[in-house]
Amino acid sequence: MDLQKIAEDAQNKVLEYLDSDGWQTSSKSTKGVKIELRPATEFEGTLYRCTRSIDGNYKELYKYLSVNTVNWKADWDKDTAHREVLQQVDENTQVVRRATNSLALGLISSRDLVEVVRSQVTDTYALVTAVSVDIPEFPPIDKIVRAWAYPWGLRCLKESETSTKFQTILQIDLKGKLPTSLVESTIPTLQLGMFKNYETFLKEKGVIVSSK
């Protein structure tokens, strides 16, 4: 299995989604966070794009998104219960196992995922992307449903030296025969919560003072 190629392909797909047209604005959008959606092409589900402007330099915001951060996402994402590095593929690519907390007030039980995660920094943006991989040596955690994440990511896009457009792409099959209505109401709520948790974390770290 060529994990580098899988990671690079997922990265290219996420960039394509981030910069594409044809999105519909979700009623779940708030004053500060724009949530957009459209049918996914990789599975029978929905593709989500979320955007928010944050006061802060994009590279400073990225420090807490990079896969090289010791507790990638687990430090600030309250939906992540556990995270561990299973394999270091190269300097910017890892195979990671993470488990979620239960979601939607317990209606959705914990999920585990094994993903290949890749980071990239350019002169205009910093990007972290991931996609699920099936590696026999890393079977599902006992009594936890294994979800499947299609190419997804988080991008810090430079607007100015002191302003960043924070964007996410998400498409995930939570498995477990969940009602579509439950999934489609839960995922936008999770995204809004993630934005809030990330900003709160950045403020505690002194990276940003306020958000837009």
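Before reading further, recall that the structure is shown in the block above.
Read on for a plain summary of the structure. Since the structure is predicted, the reported quantities are computational estimates derived from the model, not experimental observations. (Residues numbered from 1 in each chain as written. Predicted model: local features only at pLDDT ≥ 70, side-chain atom pairs only at ≥ 80, totals over all residues. Heavy atoms only, no water.)

What to know about the overall build of the protein
From N to C terminus, the protein includes three helices and 12 strands. For a compact globule of 212 residues, the expected C-alpha radius of gyration is about 17 Å, and the protein comes in at 16 Å, within 12% of that figure. Across its three principal axes, the protein shows a C-alpha extent of roughly 45 × 40 × 35 Å. Within the span of the protein, comprising 212 residues, buried residues form 49% of the whole. Between the centroid of the 28 positive side chains of the protein and the centroid of its 29 negative side chains there is a distance of 5 Å. (Helix = DSSP H or I, 4+ residues; strand = E, 2+ residues; numbered from the N terminus. Rg over C-alpha atoms; globule rule 2.2 N^0.38 Å. Buried < 20%, exposed > 50% of the residue type's maximum accessible area, 1.4 Å probe, protein only. Lys, Arg positive; Asp, Glu negative; His and termini not counted. Charge placed at Lys NZ, Arg CZ, Asp CG, Glu CD.)

Let's talk about the pattern of salt bridges
Evaluated as defined, the whole model comprises 15 salt bridges. The partner of Lys63 in a salt bridge is Glu60, and the shortest N-O contact between them spans 3.2 Å. What makes Glu60 partly exposed here is its relative accessible area of 34%. Here Arg97 makes a salt bridge to Asp112, at a shortest N to O gap of 3.6 Å. With Arg97 in strand E5 (residues 93-100) and Asp112 in strand E6 (residues 111-121), this pair connects stretches of sequence that are 15 residues apart. The same class applies to Arg97 as to Asp112, namely buried. What you see here is one network of salt bridges that share partners, running through Glu84, Arg97, Asp112 and Arg146. (Salt bridge = Lys/Arg side-chain N within 4 Å of Asp/Glu carboxyl O.)

Looking at the pairing of E5
Burial within E5 is extensive, with eight of its eight residues counted as buried. A two-sided burial pattern is seen for E5, the buried positions comprising Thr93, Val95, Arg97 and Ala99 on one face and Gln94, Val96, Arg98 and Thr100 on the other. Counting the residues between successive antiparallel strands, the hairpin from strand E4 (residues 80-90) to E5 contains two residues. Pairing between E5 and E6: seven bridges, direction antiparallel. Note on E6: the bridge partner recorded for Thr93 is Arg118. (Pairing = 2+ DSSP bridges.)

Regarding the packing of aromatic side chains
All told, the structure shown has three aromatic pairs when counted by the stated rule. A centroid spacing of 5.1 Å and a plane angle of 50 degrees characterise the contact between Phe166 and Phe195, whose relative ring orientation is tilted. Of the two residues, Phe166 sits in strand E11 (residues 163-170) while Phe195 sits in helix H3 (residues 180-204), which places them 29 residues apart along the sequence. The same class applies to Phe166 and to Phe195, which are both buried. Considering the side-chain rings of Phe166 and Tyr198, the 4.9 Å spacing of their centres and the 40 degrees angle between planes classify their relative orientation as tilted. Residue Phe166 is located in strand E11, and its partner Tyr198 is located in helix H3; the two are separated by 32 residues in the primary sequence. (Phe/Tyr/Trp six-rings, centres within 6.5 Å; stacked < 30°, edge-to-face > 60°.)

Thoughts on H3
In an α-helix there are 3.6 residues to a turn, and that puts residues three or four apart on one side. Taking 1.5 Å per residue as the helical rise, H3 with its 25 residues ought to reach 36 Å, and the 36 Å between its terminal C-alpha atoms agrees with that figure. Looking one or two residues past H3, Gly206 carries a phi angle of roughly 80 degrees, positive in sign. (Expected span 1.5 Å × (residues − 1).)

Points about the layout of surface pockets
The space that makes up the largest pocket amounts to roughly 270 Å³. Considering the residues around the largest pocket, the lining is formed by 15 residues, among which Phe43, Glu44, Ile172, Asp173 and Val183 are closest to the centre. Mapped onto the lining of the largest pocket, the elements with two or more residues apiece are strand E3 (46-55), strand E12 (172-173) and H3. By residue number, the principal contributor to the lining of the largest pocket is H3, which donates four residues. (1 Å grid on protein atoms, 1.4 Å probe; cavity = no way out; pocket = protein on both sides within 12 Å on 5 of 7 lines; lining within 4 Å. Points joined across faces, edges and corners; volume = space filled by probe spheres on them.)

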